[in-house]
Amino acid sequence: MAEEVKLLKTWSSLFGLRIVWALKLKGIQFDSIDEDLANKSPLLLQYNPVYKKVPVLVHNGKSISESLVILEYIDETWRQNPLLCQDPYEKAMARFWAKFGDDKVLSSIWSVFIKQGKEQEEALEVAMENLKLLEENLKGKKFFGGEKIGFLDLALGWLANLICVLEELSDIKIIDKERFPLLLGWMQEFSQAPIINESWPPHDKLLTKFQIIRENQLKLAAAQPT
Ligand SMILES: N[C@@H](CCC(=O)N[C@@H](CS)C(=O)NCC(=O)O)C(=O)O
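Residues numbered from 1 in each chain as written. Predicted model: local features only at pLDDT ≥ 70, side-chain atom pairs only at ≥ 80, totals over all residues. Heavy atoms only, no water.

1. Section: the site of the ligand
Piece 1. If you check the shell around the ligand, you find S13, F15, L37, K40, K53, V54, P55, E66 and S67 and nothing else.
Piece 2. Residue S67 places a side-chain N or O atom 2.6 Å away from an oxygen atom belonging to the ligand.
Piece 3. Here the ligand loses 72% of its free accessible area of 520 Å² to cover by the protein chains.
Piece 4. Here the ligand occupies the largest pocket. (Near = heavy atom within 4 Å. Polar contact = N/O pair within 3.5 Å; in protein donor to acceptor, adjacent residues only side chain to side chain. Areas by Shrake-Rupley, 256 points an atom, 1.4 Å probe, with all protein chains shown as cover. 1 Å grid on protein atoms, 1.4 Å probe; cavity = no way out; pocket = protein on both sides within 12 Å on 5 of 7 lines; lining within 4 Å. Sits in = over half its atoms within 2 Å of the grid points.)

2. Section: helix α1 (residues 14-26)
Piece 1. Helix length check: α1, at 13 residues, gives a terminal C-alpha distance of 19 Å against a target of 18 Å (1.5 Å per residue), a fit within 8%.
Piece 2. Within α1, ten of the 13 residues are buried, which leaves the element mostly enclosed by the surrounding structure.
Piece 3. Two to three positions downstream of the cap, the backbone nitrogen of F15 sits 3.3 Å from a side-chain oxygen, assigning the N-cap of α1 to S13.
Piece 4. Directly after α1, the chain includes G27, whose backbone phi takes a positive value near 70 degrees. (Helix = DSSP H or I, 4+ residues; strand = E, 2+ residues; numbered from the N terminus. Expected span 1.5 Å × (residues − 1). Buried < 20%, exposed > 50% of the residue type's maximum accessible area, 1.4 Å probe, protein only.)

3. A closer look at the sheet that holds strand β4 (residues 62-65)
Piece 1. Taken together, four strands build an open sheet; the order of strands is β2-β1-β3-β4 and the sheet is mixed. Since the sheet does not close on itself, it has two edges, and those belong to β2 (31-34) and β4, each with one partner. Mean inter-strand twist for the sheet, computed between neighbouring axes without regard to direction, equals 20 degrees.
Piece 2. By the bridge criterion, four bridges tie strand β1 (residues 5-9) to β2 in an arrangement that is parallel. Residue pairing across strands places K6 opposite D31, the latter belonging to β2.
Piece 3. Sheet strands in contact with α1 are β1 and β3 (56-59), and its direction is about 155 degrees off that of β1. (Pairing = 2+ DSSP bridges. Axes fitted to C-alpha atoms, helices over the stretch in contact; angles between N-to-C directions. Contact = heavy atoms within 4.5 Å.)

4. A look at the pattern of salt bridges
Opposite charge on two side chains lets them pair, provided their charged atoms get close.
Piece 1. A full pass over the atoms with the stated rule returns twelve salt bridges.
Piece 2. One salt bridge connects K26 with D75, and the closest N-O pair in it is separated by 2.6 Å. Linking K26 in helix α1 with D75 in helix α3 (residues 67-77), this pair joins segments that are 49 residues apart in sequence.
Piece 3. Salt-bridge contacts for E136 lead to K139; the nearest nitrogen and oxygen are separated by 3.1 Å.
Piece 4. For E136, a relative accessible area of 48% corresponds to the partly exposed category. (Salt bridge = Lys/Arg side-chain N within 4 Å of Asp/Glu carboxyl O.)

5. Comments concerning the environment of N81
Piece 1. Mapping N81 onto the fold places it in the loop between α3 and α4 (88-114).
Piece 2. For N81 and L25, which are 56 residues apart along the polypeptide, the C-alpha to C-alpha distance reads 6.9 Å.
Piece 3. Here N81 is in contact with L25, K26 and D75, once residues within four sequence places are set aside.
Piece 4. There is a polar contact of 2.6 Å between the side chain of N81 and the backbone oxygen of L25.

6. Description of the pairing of β4
Piece 1. Of the strand pairs in this sheet, β3 and β4 are connected by four bridges, and their pairing is antiparallel. Paired with V58 across the bridge in β4 is S63.
Piece 2. Once β3 ends, the chain turns through two residues before running back antiparallel as β4, passing N60 with a positive phi of about 45 degrees.

7. Looking at the packing of helix α5 (residues 117-137) against helix α7 (residues 181-192)
Piece 1. As a packed pair, α5 and α7 sit with axes 8 Å apart at the nearest point and diverge in direction by 75 degrees. Judged by the angle between their axes, α5 and α7 are roughly perpendicular. Contacts between α5 and α7 involve L131, L134 and E135 from the first element and P181, L182 and L183 from the second.
Piece 2. Its residues assigned to classes, the contact of α5 with α7 shows five nonpolar, no polar and one charged. (Parallel < 35°, antiparallel > 145°, perpendicular 65-115°, else oblique. Nonpolar A, V, L, I, M, F, W, Y, C, P; charged D, E, K, R; others polar.)

8. Focus: the domain arrangement of the protein
Piece 1. Segmentation of the protein into domains returns domain 1 (5-77) and domain 2 (88-223).
Piece 2. With 14 residues of domain 1 at the interface, the matching set in domain 2 holds 23 residues.
Piece 3. Taken together, the two surfaces of domain 1 and domain 2 that pack against each other cover about 1,800 Å², and 73% of this comes from carbon and sulfur.
Piece 4. Looking only at domain 1, the three residues that lose the most surface to domain 2 are W11, L14 and W21, adding up to 40% of its buried area. (Domains from an automatic or database assignment. Buried area = accessible area lost by both parts, 1.4 Å probe.)

So, in structure tokens, the structure goes:
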């Protein structure tokens, strides 16, 4: 019996992209359903009633949400091209740094992007500290997963693309060659890998989307009482 694999995502969701990459790396055919988050479909509300967010993977009628959880589900369901090592410690470390990426790196870089003046300078310092830890992580390795793209590469993959968009819009260089040579090398290596490269959302469309978000956030901040 043919398997049913459906992915609810949006064209720009960096969390959704993790799942697209994982399914492609595993060679799994899937149907992609693009959601309009301003008008969430009954399907999304049915399949992710808790968070009502994308991505959601639907496998033979069963739904899984939260992108890092989905990545692990995919890795355990389709064993080819493993994303996580078998070694329990290595596995724990990959999960730890993936969570760090979401909790600390993403939020600090986002703050640099939507803040100004002193607040932005402070956010930049925090972002640099976080990125230094990722730089350390890459010592002696081509990918975070070692010689091959693995779980942590997919979890941090947004960085390889979004950072360029955010740098372009804010006019701030966050990842430079002097401070982050390994991270920069990884960004190039990762984003040019065929399966990764073919799935990036259009750069111009991302620029427009994030420019609007930034302008709205800056306007909101300016309207806040001091
Ligand atoms: N922690 C979630 C984050 C997912 C997420 O934030 N998705 C956004 C799109 S990029 C969303 O669906 N937002 C809709 C909303 O917040 O209502 C994951 O890793 O899957």
